[in-house]
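In case you want the letters, here they are:
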Amino acid sequence: MTVPLTRIDHVGIAVRDLNAGIDLYTSLFGLTVAGRETNEAQGVREAMLSVADSPGGASYVQLLEPLGPDTPVGRFLAARGEGVHHIGYGVDDVAASLAALREQGVRLVDERPRHGSLGASIAFLHPKSVGGVLTELVQSAAG
Ligand code: MC0
């Protein structure tokens, strides 16, 4: 069974300094900050910057500053430097999507949904199963 994606929810970008990243994206593109949060479980301080509303819903640039070197984004910055860290796609039901992908043998980072930005329910798929791209499924708080 395929898993329908409803939109590109966000592009996650690893930065060393969150405030400098926000300054860059607001000055270059006029984006506005929709939310900021520290997510201890994910090891990040992050900001969501609104890009536009597509027919499937809102989309964002997500800037991610690691809380320390021994975190997913900290290790990524050490290995690759600043840049695109993951893509987040909208889905209607993240738990059902995970079940369908597990059935297909996709390697899951998260076996069940976790708390994400702006109140979303999220889960990551391992980059080794998605062509080298760390992929996140996002069920937005709005549904
Ligand atoms: C690591 N690898 C990546 C990658 N990070 N490939 C593509 N994109 C990335 N971002 C590759 C490495 O190159 C390596 O490949 C292999 O994965 C293992 O790397 P590692 O250095 O051992 O890295 P680990 O220990 O960090 O594990 C990688 C893994 C981890 C993807 C499992 O980063 C993870 O659990 N990520 C999901 C959680 C996360 O990223 N949270 C932060 C964003 P080779 O070929 O060298 O073996 S939280 C977030 O975004 C929330 C707030 C939200 O959206 O709402």
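Residues numbered from 1 in each chain as written. Predicted model: local features only at pLDDT ≥ 70, side-chain atom pairs only at ≥ 80, totals over all residues. Heavy atoms only, no water.

Draft legend 1. A look at a nonpolar patch on the surface. Taken together, the side chains of Leu24, Leu28 and Phe29 make up a nonpolar region of the molecular surface, amounting to roughly 330 Å² of accessible area. Topologically, Phe29 is positioned in helix H1 (residues 18-29). Residue class for Phe29 comes out exposed when judged on its relative accessible area of 54%. (Patch = residues over 30% accessible without salt bridge, like charges linked within 9 Å, V, L, I, M, F, W, Y side chains within 5 Å. Areas by Shrake-Rupley, 256 points an atom, 1.4 Å probe, with all protein chains shown as cover. Salt bridge = Lys/Arg side-chain N within 4 Å of Asp/Glu carboxyl O. Helix = DSSP H or I, 4+ residues; strand = E, 2+ residues; numbered from the N terminus. Buried < 20%, exposed > 50% of the residue type's maximum accessible area, 1.4 Å probe, protein only.)

Draft legend 2. Examining the site of the ligand more closely. Within the structure, the ligand sits among 23 residues, and Gln62, Arg80, Ser117, Lys128 and Glu136 are positioned closest to it. One of the side-chain N or O atoms of Arg80 is found 2.9 Å from an oxygen atom in the ligand. With respect to the ligand, the side chain of His86 contributes an N or O atom lying 3.4 Å from an oxygen atom. Across the complex, the protein chains shield 72% of the 1,000 Å² of accessible surface that the ligand would expose by itself. A majority-of-atoms criterion places the ligand in the largest pocket. (Near = heavy atom within 4 Å. Polar contact = N/O pair within 3.5 Å; in protein donor to acceptor, adjacent residues only side chain to side chain. 1 Å grid on protein atoms, 1.4 Å probe; cavity = no way out; pocket = protein on both sides within 12 Å on 5 of 7 lines; lining within 4 Å. Sits in = over half its atoms within 2 Å of the grid points.)

Draft legend 3. Representation of the pattern of salt bridges. A full pass over the atoms with the stated rule returns 5 salt bridges. The closest approach of N and O atoms between Arg7 and Asp9, which form a salt bridge, is 2.7 Å. Across the pair, exposure class does not vary: Arg7 and Asp9 are buried alike. Among the salt bridges present, the one from Glu65 reaches Arg45, with a minimum N-O distance of 2.3 Å. Of this pair, Glu65 sits in strand S4 (residues 57-66) while Arg45 is found in strand S3 (residues 44-54), placing the two residues 20 residues apart along the sequence. With relative accessibility at 33%, the residue Arg45 sits in the partly exposed group.

Draft legend 4. Fine view of H1. Taking 1.5 Å of rise per residue, 12 residues should cover 16 Å, and H1 covers 16 Å from first to last C-alpha, within 8% of that figure. Along H1, the residues classified as buried are Leu18, Gly21, Ile22 and Tyr25. The buried residues of H1 all sit within an arc of 100° when viewed along its axis, so they share a single face. In H1, the exposed residues that point more than 90 degrees away from the buried face are Asp23, Ser27 and Leu28. The inward-facing, buried residues of H1 contact strand S1 (7-14), strand S2 (32-39), S3 and S4. (Expected span 1.5 Å × (residues − 1). Arc of directions from axis to C-beta. Contact = heavy atoms within 4.5 Å.)

Draft legend 5. Summary view of the packing of aromatic side chains. Counted by the stated rule, this structure contains 1 aromatic pair. Summarising the aromatic geometry, the rings of Tyr25 and Phe29 are spaced 5.7 Å apart at their centres and angled 45° between planes, so their arrangement reads as tilted. Placement of both Tyr25 and Phe29 in helix H1 is noted, with a separation of 4 residues, approximately one turn of the helix. Owing to a relative accessible area of 18%, Tyr25 belongs among the buried residues under this scheme. (Phe/Tyr/Trp six-rings, centres within 6.5 Å; stacked < 30°, edge-to-face > 60°.)

Draft legend 6. Looking closely at the sheet that holds strand S5 (residues 83-90). In space, the 8 strands of this open sheet follow the order S2-S3-S4-S1-S5-S8-S7-S6, with mixed pairing throughout. Among the strands making up the open sheet, the edge pair consists of S2 and strand S6 (114-115). Across the face of the sheet, helix H2 (residues 72-80) comes into contact with S1, S3, S4 and S5 while running at roughly 140° to S5. (Pairing = 2+ DSSP bridges. Axes fitted to C-alpha atoms, helices over the stretch in contact; angles between N-to-C directions.)

Draft legend 7. Representation of the layout of surface pockets within the structure. Empty space within the largest pocket amounts to approximately 660 Å³. In this structure, the largest pocket is lined by 29 residues; those nearest its centre are Pro72, His85, His86, Phe124 and Leu134. Sorting elements by how many residues they give to the lining of the largest pocket places H2 first, with 5 residues. Class assignment for the residues of the lining of the largest pocket results in 13 nonpolar, 9 polar and 7 charged. Counted as a void, the second largest pocket has a volume near 240 Å³. Arg7, Asp9, Val138, Ser140 and Ala141 are, among the 23 residues lining the second largest pocket, the residues nearest its centre. Where the lining of the second largest pocket is concerned, the elements lending two or more residues are S1, S4 and strand S8 (135-139). In the lining of the second largest pocket, the residues fall into 9 nonpolar, 10 polar and 4 charged. (Points joined across faces, edges and corners; volume = space filled by probe spheres on them. Nonpolar A, V, L, I, M, F, W, Y, C, P; charged D, E, K, R; others polar.)

Everything listed here is a matter of geometry and, on its own, says nothing about what the molecule does.
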